Amino acid sequence: MNLDVTFSSAPWEDELDKLSAGEKIDALLLLSLTEEDSLEEAFERMEEKGIGLDILGIDKIPVSDETAVRLRREKELVEKGALLTALSDTDPLRVYLEELALIPVAGDLQILAERYAAGDESLVSRLTDGMLSGVVERASALAGKGVLLLDLIQEGSLGLWKGILSYTGGDFESHCYKWIDFYMARELTRCAREGGIGGKMRQGMEDYVDADQKLLMELGRNPTAEEIGEALHISVEEVTAFESMLQAARGKSKVEEEREEKEEDPEDQLAVEDTAYFQSRQRIAELLAELTETEAELLRLRFGLEGGKPLSPEEAGRKLKMTPEEVLRAEAAALSKLRNNG
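Thresholds applied
- Residues numbered from 1 in each chain as written.
- Predicted model: local features only at pLDDT ≥ 70, side-chain atom pairs only at ≥ 80, totals over all residues.
- Heavy atoms only, no water.
- Helix = DSSP H or I, 4+ residues; strand = E, 2+ residues; numbered from the N terminus.
- Buried < 20%, exposed > 50% of the residue type's maximum accessible area, 1.4 Å probe, protein only.
- Areas by Shrake-Rupley, 256 points an atom, 1.4 Å probe, with all protein chains shown as cover.
- pLDDT = per-residue confidence, 0-100.
- Contact = heavy atoms within 4.5 Å.
- Core = buried A, V, L, I, M, F, W, Y, C linked by side-chain atoms within 4.5 Å.
- Phe/Tyr/Trp six-rings, centres within 6.5 Å; stacked < 30°, edge-to-face > 60°.

**What to know about the overall build of the protein**
1) Next: Scanning the protein from terminus to terminus reveals 18 helices and 2 strands.
2) Next: Counting across all 342 residues of the protein, residues that qualify as buried make up 45%.
3) Next: As presented, the protein carries roughly 18100 Å² of accessible surface, and 48% of it is formed by carbon and sulfur atoms.

Structural data, given as C-alpha cells:
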C-alpha cells in the first residue's frame with residue numbers, strides 16, 4: 001500500500017505547528033514525516049521555534065563495521081571512566097580531552113554571562129571555555145548511540161556557540177545545554193536518516209496500515225495491538241509506536257475535502273478515525289464500490305467510515321429501517337462478499 005498523499009502543507013510542518021518553544025518532537029516521528037531533502041528545513045524551523053528533539057527511540061543506527069567497533073569501545077571506556085587513560089596517545093579524542101583539561105577555570109559562569117548579556121562581548125571566549133567540559137559530559141552520555149564522540153563534541157560545541165550568541169538573560173547553563181542537546185540530537189537524527197531508519201519507519205507504517213485494514217475486514221471490528229503485532233511479527237510496543245506516528249500524520253491530507261463535500265447533519269457525521277487512516281480511505285472506497293448501495297451504507301454506519309463513531313446494530317437498523325438481526329446478517333454477507341472479491 002502506498003502512503004503517498006498530496007498535502008496542503010508538509011506533514012512535518014503540521015506536526016511542528018502543534019508544538020511550542022521548549023517542547024520536543026520524537027526524532028523517529030520526524031524521520032517518518034520528512035523526506036530526505038526536507039529534514040534540514042525541519043531543523044531550521046525547529047531552531048526558529050525553540051523545539052527540541054527526543055532521541056530516546058534512536059539506539060540502533062546502522063554504521064560500518066569499523067565505526068561499530070569504535071562506538072562500542074567508546075561506550076565501554078565512558079562507562080569505566082577511562083577515556084584519557086585507555087586511548088592511545090595520538091588518538092584525536094584523547095588529544096582533545098588533554099587540551100581541554102589544560103584550560104583554566106573560567107570563574108562564575110552566571111556572573112560572566114550576565115555581564116556578557118549587558119554588552120561585554122569580550123567574555124565570549126571565557127564562557128565558551130567554561131562550558132566545553134559540559135559539552136563533553138553531554139556527548140559522553142550518548143556514547144555508542146551511532147555517532148562518534150569527537151563528532152558529537154563538535155556538534156555540541158556548535159550548539160554551545162548558538163547558545164552563547166542567543167543568550168539574553170536567565171539561567172545561562174540551562175540555556176546553553178538546551179542548544180547543545182539539540183545540536184547533538186540533530187546530528188544523531190541525521191545519521192539515523194543516512195542509515196535508512198526513516199525509510200524503515202515508513203515501511204513499518206505502511207505494513208501497519210495494511211495489517212490493520214486486512215484484519216478489520218477479516219474480523220469485522222478494529223484489531224487489537226496484539227493481533228496486529230502477531231500478524232506483523234513485531235512487539236506490541238512497536239505496534240503502539242506505529243499507531244502513534246500514524247495518528248500524528250493522519251487528518252492532514254486533502255481527503256478532508258471529500259468529507260466536506262459529503263457533509264450532512266451533525267447527527268449523521270459518523271465514524272472513527274481509528275478504523276481507517278487517511279492512507280486507507282481510497283482503498284476502502286474501492287471496496288465499498290463492489291457492494292450494493294444498501295450494503296455499502298450499512299458498513300459505513302457500522303464501522304464509522306466517514307467521520308463520527310460506529311453505530312450499534314440497533315442504531316444502524318433505525319437508519320436503514322432494518323431489525324438488528326437483519327443488520328447483522330446483511331453485515332456478515334457484505335463482509336463475506338468483500339473477502340471473496342479480495
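**Some points on the confidence of the model for the protein**
1) Next: Per-residue confidence for the protein gives a mean pLDDT of 79, with 77% of residues at or over 70.
2) Next: Of all secondary-structure elements in the protein, the lowest mean pLDDT belongs to helix α14 (residues 255-261), at 44, while helix α7 (residues 109-117) reaches the highest, 96.
3) Next: Below pLDDT 50 for its whole length, residues 1-7 participates in 17 contacts with residues either more than four positions away or in separate chains.
4) Next: In the model, residues 251-279 has pLDDT below 50 throughout and makes 72 contacts with residues more than four positions away in sequence or in other chains.

**Quick word on unusual backbone geometry**
1) Next: Its identity as a non-glycine residue notwithstanding, K321 has a phi of 55°, on the positive side.
2) Next: By the element assignment, K321 lies in the loop between α17 (313-320) and α18 (324-341).
3) Next: Taking the relative accessible area as the measure of exposure, K321 reaches 76% and is therefore exposed.

**A look at the nonpolar core**
1) Next: By size, the foremost hydrophobic cluster in this structure holds 60 residues, and its most contacted members are I25, L30, M46, L53 and F172.
2) Next: Of all elements in the fold, only α1 (11-17), α2 (27-33), α3 (39-49), α6 (92-101), α7, α8 (124-140), α9 (149-165) and α10 (172-194) reach the threshold of two or more residues within this core.
3) Next: The leading source of residues in this core is α10, at 12 residues.
4) Next: Sequence-distant contacts of F172, that is, excluding residues within four places in its chain, are made with L109, Q110, A113, L127, M131, I164 and Y167.
5) Next: One finds L288, L298, L301 and L338 within the second-largest nonpolar core, a separate group that totals 17 residues.

**Here's the deal with the packing of aromatic side chains**
1) Next: Counted by the stated rule, this structure contains 4 aromatic pairs.
2) Next: Measuring from centroid to centroid gives 5.2 Å for Y167 and F172, while their planes differ by 90°, and the two rings are edge-to-face. Pair check on accessibility: Y167 and F172 agree, each one buried.
3) Next: A centroid spacing of 6.1 Å and a plane angle of 90° characterise the contact between W179 and F182, whose relative ring orientation is edge-to-face.

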